[in-house]
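Structural overview for review
Below are the chains, spelled out letter by letter.
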Amino acid sequence: MAQITRPAKPRTGLLATDGKSHPLQDTLLAVALVLGVLSLVTAGFPGLHLVASWAGLAGVLTAGYGQFISVTTRERFGLVLALGASAIGLYFGMSHGGLFGSFGGFSGG
């Protein structure tokens, strides 16, 4: 019956499993997830390679920094998903034309 007298653990949020709030890490996670989804969706359209490439690059950098300063396992899990989606979008965007696109009349020598 001792478990009845223990106070319940307060719920502070979905991503904070240590009982503290992490606003910077949560913001980086949300931004990285949005950029990862944007990059992954636009990677399927070769004409949107600029969006896919830049969103993927920004997502990889954001998720990488988020991994560096993350505190909880839930944050790291979401950041790994965002990092993977951003990287796939970046790679497909690079294969379709890259970060700067094609230069119309440039023949390359």
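Before reading on, note that the structure itself is shown above.
About the thresholds
Residues numbered from 1 in each chain as written. Predicted model: local features only at pLDDT ≥ 70, side-chain atom pairs only at ≥ 80, totals over all residues. Heavy atoms only, no water. Helix = DSSP H or I, 4+ residues; strand = E, 2+ residues; numbered from the N terminus. Buried < 20%, exposed > 50% of the residue type's maximum accessible area, 1.4 Å probe, protein only. Contact = heavy atoms within 4.5 Å. Expected span 1.5 Å × (residues − 1). Core = buried A, V, L, I, M, F, W, Y, C linked by side-chain atoms within 4.5 Å. Axes fitted to C-alpha atoms, helices over the stretch in contact; angles between N-to-C directions. Parallel < 35°, antiparallel > 145°, perpendicular 65-115°, else oblique. Left-handed = near helix turned anticlockwise from the far one by under 90°. Nonpolar A, V, L, I, M, F, W, Y, C, P; charged D, E, K, R; others polar. Phe/Tyr/Trp six-rings, centres within 6.5 Å; stacked < 30°, edge-to-face > 60°.

A few points about the overall build of the protein chain
Helix and strand counts for the protein chain stand at four helices and zero strands. For the protein chain, the N- to C-terminal ordering of α and β elements is α-α-α-α. Every one of the 109 residues in the protein chain was classed for burial, and the buried ones make up 33%. Long-range contacts, defined as pairs at least 24 residues apart, comprise 75% of the intrachain contacts of the protein chain with a sequence gap of at least 6.

Observations concerning helix α4 (residues 73-96)
Here α4 contains 24 residues, and its C-alpha end-to-end distance of 35 Å stays within 8% of the 34 Å for a straight helix at 1.5 Å per residue. If you check which residues of α4 are buried, you get E75, G78, L79, A82, A85, S86, A87, G89, L90 and G93. Contact partners of the buried residues in α4: α2 (23-42) and α3 (49-69). After α4 finishes, the residue G97 shows a positive phi value of roughly 160°.

Looking at the nonpolar core
Counting residues in each nonpolar core, the largest one holds five residues, listed as L29, A32, A63, L79 and A82. Put simply, the parts of the chain that give this core at least two residues each are α2 and α4. When neighbours within four sequence positions are excluded, A63 is seen to be in contact with A32, L79 and L83.

Overview of the packing of α2 against α4
Taken N-terminus to C-terminus, the directions of α2 and α4 make an angle of 30°; their axes are 8 Å apart at the nearest point. What the angle tells us is that α2 and α4 run roughly parallel. Viewed along their axes, α2 and α4 form a crossing whose handedness is left-handed. Where α2 approaches α4, its residues Q25, D26, L28, L29, A32, L33, L35, G36, S39 and L40 are matched on the opposing element by E75, G78, L79, A82, A85, S86, I88, G89 and L90. Along the lines of polarity and charge, the residues of the contact of α2 with α4 split into 11 nonpolar, six polar and two charged.

Some remarks on the packing of aromatic side chains
If you walk through the whole model with that rule in mind, you get one aromatic pair. Taken together, a centroid distance of 5.7 Å and an interplanar angle of 80° make the contact between W54 and F100 edge-to-face. Taken together, the residues W54 in helix α3 and F100 in the segment after α4 connect sequence positions 46 residues apart.

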